[in-house]
Amino acid sequence: MIPSAAVDHYLARELDDHRWIKTLTREEVDDLMAQLRPRPRISPRLRLHQRACFVLGVAHPKMCLYLDMGSGKSVLALELLRYWFDVGKIRRALIFATSDKAYPTWERQFSEFDIDLPHASLDGSSADKWCALRELGDG
């Protein structure tokens, strides 16, 4: 059992508040993005809330971004992965889609938003999956 003092300490901790980013205009968010080095290569089609989440995701890589269905979470995740790939923070990543209906959406996002990251869709037989991973290389 967790001691009640530990629970009280956890609940009393100071939390970050990032609601300020919701008050920014597109120009202000774009100014924040322009300050990033290297400058991100994001799709011009990203909407304001996606750009704001991108800024938060770069500033706080472990932040959970809870967005509604249809709000562009997939492309936001791909844009963040591309940025971290470009700055050398990651060499590879795994996107785990839990259904056979979800992974084609991810595949479409790569081409629709011109996300030029090396990737492989691991569908089909086990032999096909291992072959796709070998062809992808070490990243």
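Cut-off values and rules
- Counting of residues starts from 1 at the beginning of each chain's written sequence and follows it residue by residue.
- Since the coordinates come from a predicted model, pLDDT governs what is reported: local features require at least 70, and pairs of side-chain atoms require 80 or more to be given and counted, while whole-chain, interface and lining totals use all residues.
- Based on all heavy atoms of the structure, the side-chain values leave hydrogens and waters out of the count.
- Strands here are runs of E lasting at least two residues and helices are runs of H or I lasting at least four, both read from the DSSP assignment and numbered beginning at the N terminus.
- A radius of gyration in this sense is built from C-alpha atoms; the matching globule rule multiplies 2.2 Å by the number of residues raised to 0.38.
- Lines fitted to the C-alpha atoms define the axes, with helices restricted to the stretch that makes contact. Angles between their N-to-C directions range from 0 to 180 degrees.
- Throughout, the term roughly parallel applies to angles under 35 degrees, roughly antiparallel to angles over 145, roughly perpendicular to angles from 65 to 115, and oblique to all others.
- It is the rotation of the near helix from the far one that decides the hand of a crossing: anticlockwise by less than a right angle makes it left-handed, clockwise makes it right-handed.
- The contact criterion used throughout is that any non-hydrogen atoms of two residues lie within 4.5 Å.
- Amino acid classes used here: Ala, Val, Leu, Ile, Met, Phe, Trp, Tyr, Cys and Pro are nonpolar; Asp, Glu, Lys and Arg are charged; the rest, including Gly, are polar.

J.: So what about the overall build of the protein? Which residues, and what values?
T.: A tally of helices and strands in the protein yields 6 helices and 0 strands. Taken from the N to the C terminus, the helices and strands of the protein come in the order α-α-α-α-α-α. Taken over the C-alpha trace, the protein has a radius of gyration of 18 Å; the compact-globule value for 139 residues is 14 Å, which it surpasses by more than 25%. Expressed as lengths along the three principal axes of its C-alpha atoms, the size of the protein is roughly 50 × 50 × 30 Å.

J.: Describe the packing of helix 3 (residues 48-59) against helix 4 (residues 73-86), with residues and values.
T.: Each pair of packed helices can be summarised by the angle the axes make with each other and by the distance between the axes. Axis separation between helix 3 and helix 4 bottoms out at 10 Å; the angle between their running directions is 40°. Classified by the interaxial angle, the pair formed by helix 3 and helix 4 is oblique. The way helix 3 lies across helix 4 gives a crossing that is right-handed. In this structure, helix 3 uses Gln-50, Cys-53, Phe-54, Gly-57 and Val-58 to contact helix 4, whose residues at the interface are Val-75, Leu-76, Glu-79, Leu-80, Tyr-83 and Trp-84. Class assignment of the residues belonging to the contact of helix 3 with helix 4 gives a composition of 8 nonpolar, 2 polar and 1 charged.

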